[in-house]
Amino acid sequence: MSQRIPVIIDTDMGVDDAYAVMLAFSSPLLKVLGITTSYGNVAVDTSTLNAIKILELLEKRARVAKGASGPLFGKSRNYSNTRGAFLHGKDGLGNVGYTLPDPVHIEVDSDAVSYMAELIEKEETRVTLISLGPLTNIATLLIAYPDIRKRIDGIAMMGGSVYGGNMLPAGEANIVADPEAAQIVLQSGVRIVMCGLESAEKAYFIKDDLEMFRLIGGSVGRFYYDMSRDYLAANEKLTGERRAVIYDSVPVAWLINPAVLRTKPCYVEVDLNGQYTRACTVTDENCTDRRPNTMVAFDLDRDIFVKMHIDAFRRYR
Ligand code: BDR
Ligand code: CA
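First, a word on what this report is: a plain description of the structure on this page.

Turning our eyes to something else, we now look at the overall build of the protein chain. Counting its regular elements, the protein chain contains 12 helices and 12 strands. Overall, the C-alpha framework of the protein chain stretches about 50 × 45 × 40 Å when taken along its three principal axes. A total of 317 residues make up the protein chain; the buried ones form 59% of that total. The contacts in the protein chain between residues at least 6 apart in sequence include a share of 81% that link residues at least 24 apart. A total accessible area of about 13,100 Å² is found for the protein chain, and carbon and sulfur atoms account for 49% of it. Of the side chains in the protein chain, 35 bear a positive and 40 a negative charge, and the two mean positions are spaced by 3 Å.

With that out of the way, let us pick up the packing of aromatic side chains. The final tally for this structure, using the stated rule, is 9 aromatic pairs. Their ring planes at 50° and their centres at 5.6 Å tell us that tyrosine 19 and phenylalanine 205 sit as a pair that is tilted. In this pair, tyrosine 19 sits in helix H1 (residues 15-26) while phenylalanine 205 sits in strand E8 (residues 204-205), placing the two residues 186 residues apart along the sequence. For the pair formed by tyrosine 19 and phenylalanine 205, the shared burial category is buried. For the pair tyrosine 19 and phenylalanine 313, a centre-to-centre distance of 6.2 Å together with 85° between the ring planes defines the contact as edge-to-face. Separated by 294 residues along the polypeptide, tyrosine 19 in helix H1 and phenylalanine 313 in helix H12 (residues 302-315) bring together distant segments of the chain. Exposure remark for phenylalanine 313: the relative accessible area of 0% places this residue in the buried category. Pairwise contacts between aromatic rings join Tyr19, Phe205, Phe213, Phe223, Tyr224, Phe305 and Phe313 into one cluster. Seen from the ring of tyrosine 225, arginine 214 lies directly overhead, with NZ or CZ sitting 4.9 Å from the centre.

Before going further, it helps to spend a moment on the site of ligand 1. Taken together, 13 residues lie near ligand 1, and Asp16, Asn41, Asn166, Glu172 and Asp248 sit nearest. One of the backbone nitrogen or oxygen atoms of leucine 132 is found 3.0 Å away from an oxygen atom of ligand 1. A distance of 2.4 Å separates an oxygen atom of ligand 1 from a polar atom in the side chain of glutamate 172. Contact with the protein chains removes 100% of the 280 Å² of surface that ligand 1 exposes when unbound. Listed by contribution, the elements that provide at least two residues to the shell around ligand 1 are H1, helix H3 (83-88) and helix H6 (173-177). Residue classes in the shell around ligand 1 are distributed as 4 nonpolar, 4 polar and 5 charged.

Looking now at helix H10 (residues 218-239). Spanning 22 residues, H10 covers 31 Å between terminal C-alpha atoms, matching the ideal 32 Å at 1.5 Å per step. A maximum bend of about 35° is found in H10 at serine 228. Within H10, the full set of buried residues consists of Val220, Gly221, Phe223, Tyr224, Tyr225, Met227, Ser228, Tyr231, Leu232, Ala234 and Asn235. Two residues or fewer after H10 comes glycine 240, characterised by a positive phi angle close to 80°.

Right, let's get into the coordination of the calcium ion (ligand 2). Each donor-metal-donor angle would ideally measure 109.5 degrees in four-coordinate tetrahedral geometry, or 90 or 180 degrees in six-coordinate octahedral geometry. Donor atoms from the polypeptide that bind the calcium ion (ligand 2) are Asp12 (OD), Asp17 (OD), Asp17 (OD), Leu132 (O) and Asp248 (OD), placed at 2.2 to 2.7 Å. Here the donor residues of the calcium ion (ligand 2) are spaced in sequence according to D-x4-D-x114-L-x115-D. Taken together, the residues span a long stretch of sequence, with aspartate 12 in the loop between strand E1 (5-11) and H1 and aspartate 248 in the loop between strand E9 (244-245) and helix H11 (249-256) at a distance of 236 residues. For the pair shown, aspartate 12 and aspartate 248 are each scored as buried.

With that settled, the discussion passes to the packing of H1 against H12. Running from N to C, H1 and H12 cross one another at 70°; their axes reach a closest spacing of 9 Å. Taken together, the axis directions place H1 and H12 in an arrangement best described as roughly perpendicular. Crossing of H1 over H12 shows left-handed handedness. Every residue of H12 that contacts H1 at Tyr19, Met22, Leu23 and Ser26 is listed here: Met308, His309, Ala312, Phe313 and Arg315. In terms of residue class, the contact of H1 with H12 is built from 6 nonpolar, 2 polar and 1 charged.

Turning to unusual backbone geometry, a few remarks are in order. For glutamate 59, which is not a glycine, the phi torsion comes out positive at approximately 60°. At cysteine 287, a residue that is not glycine, the phi angle is positive and equals roughly 45°. Checked against the element boundaries, cysteine 287 lands in the loop between strand E11 (281-284) and strand E12 (294-300). Take cysteine 287: its relative accessible area is 16%, and that puts it in the buried class.

Time to look at the nonpolar core. Ranked by size, the top nonpolar core spans 70 residues in total, and within it Tyr19, Ile54 and Tyr224 carry the most contacts. In terms of residue count, the dominant contributor to this core is H1 (9 residues). Judged by nonpolar contacts, the second largest core, of 39 residues, contains Ala65, Ile138, Leu141 and Ile148.

Rules and cut-offs
- Every chain is numbered on its own, with residues counted from 1 as its sequence reads.
- Chains carry letters and ligands carry numbers; both start at the beginning, A for chains and 1 for ligands, and go up in the order they are written.
- Where totals are concerned, whole chains, interfaces and linings use all residues; where local detail is concerned, this predicted model gives features only for residues with pLDDT of at least 70, and gives and counts side-chain atom pairs only at 80 or more.
- For side-chain calculations, the full set of non-hydrogen atoms in the structure is used, while hydrogens and water are omitted.
- Helix and strand assignments follow DSSP, with helices taken as H or I runs no shorter than four residues and strands as E runs no shorter than two, numbered in order from the N terminus.
- Only protein chains enter the accessibility calculation, which uses a 1.4 Å probe; a residue whose area is less than 20% of its type maximum is buried, one above 50% is exposed, and one in between is partly exposed.
- Any two residues having at least one pair of non-hydrogen atoms within 4.5 Å are treated as being in contact.
- In this description, accessible areas are obtained by the Shrake-Rupley approach with a 1.4 Å probe, and a residue is regarded as covered only by the protein chains that are shown.
- Working convention for charge: Lys and Arg count positive, Asp and Glu count negative, and His plus the chain ends are omitted.
- A single reference atom marks each charge: NZ on Lys, CZ on Arg, CG on Asp, CD on Glu.
- Under the pairing criterion, centres of Phe, Tyr and Trp rings, with the six-membered ring standing for Trp, must be within 6.5 Å; the plane angle then separates stacked pairs below 30 degrees from edge-to-face pairs above 60, leaving the rest tilted.
- Charge-over-ring contacts are defined here by two conditions on Lys NZ or Arg CZ: a distance within 6 Å of the ring centre and an angle within 35 degrees of the ring normal.
- When at least one non-hydrogen atom of a residue lies within 4 Å of a molecule or strand, that residue is treated as near it.
- Between N or O atoms, a polar contact is any pair within 3.5 Å; within protein, one atom must be a potential hydrogen donor and the other a potential acceptor, and residues adjacent in sequence are included only when both atoms are from side chains.
- Each residue is assigned to one class: nonpolar for Ala, Val, Leu, Ile, Met, Phe, Trp, Tyr, Cys and Pro, charged for Asp, Glu, Lys and Arg, and polar for all the others, Gly among them.
- Expected span, for any helix, means 1.5 Å times one less than how many residues it has.
- At any given residue, the bend is defined as the angle formed between two axes, one fitted to the seven residues that end at that position and one fitted to the seven that begin there.
- Each metal's donors comprise the N, O and S atoms found within 2.8 Å of it (within 3.2 Å for Na, K or Ca). Water is not part of the atom list, so some coordination spheres may appear incomplete.
- Note on definitions: angles span 0 to 180 degrees between N-to-C directions of axes, and those axes are lines fitted to C-alpha atoms, for helices only across the stretch in contact.
- By the definition adopted for this analysis, an angle is roughly parallel if under 35 degrees, roughly antiparallel if over 145, roughly perpendicular if from 65 to 115, and oblique otherwise.
- By convention, the crossing between two helices is left-handed when the near helix turns anticlockwise from the far helix through less than a right angle, and right-handed when the turn is clockwise.
- Remark: nonpolar core denotes a set of buried residues (Ala, Val, Leu, Ile, Met, Phe, Trp, Tyr, Cys) joined through side-chain atoms within 4.5 Å.

Honestly, it's all geometry; don't read function into it.
Below you can see the structure in the form of structure tokens.
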């Protein structure tokens, strides 16, 4: 087998983040070096606890480092009390996180940014960052360690959109949480794959998919089924569709099998000043006067996506 891709997962651990982490650890193609956490779906202490609990459920040993509790500048547009709690439950894990035992094994580091730098510098090959939440930790890393970008192979990120938002009319939640951080990352020169709403909203499971995970995945499958019940209902209230949208598995799925996405090189930047469009990822699909800085995902093959999760749950039996 060719060399595994070393990755660090940066997450605001909610329901879909938990799927992404499960998928990443199941794959023989990825080597998860560590997990860093931030605010977003829940406050950072809760997302850190959730990360630890999920690792223990999956029986994976990796260090977890706690990161940002708010955006780089200004007041946090924290969605843990609003959209986050509504979708992901008060505990971020579909209101069933309490059913997981209190963690015993996993070490927690208090500084996500220096932990990321340490992992990246230690690794022989260049590391890929998987971004599943606000981009605060990653932007801070790029500012605090300017040379580190040479050691980063790319950033596979769930965030942004081309045609509209979910948190604001033109803003996707991870970008809305910290638009300045997102802009720093997009302008950094590091290779980026932007898995925004165009692909991520097609990354959904219906009740039958969830039932299948429960049947094949042993205690992991059962927990994910339980975790998804309120999430499915909340998604339905929001969109009218009975679908559990698993946004955050998309960048992981792409790393495992790029055929899951249709991508196109584009020039993307974040609108930081718009009265109605602040946090919008403005995407120049034709790169009229700029060179592309981002591979943007425009479509997702749901059959591949679902099959990948079935295979993943089988590995946890
Ligand atoms: C993103 O926001 C969070 O609710 C999800 O975990 C995902 O990362 C979707 O817009
Ligand atoms: Ca997330």
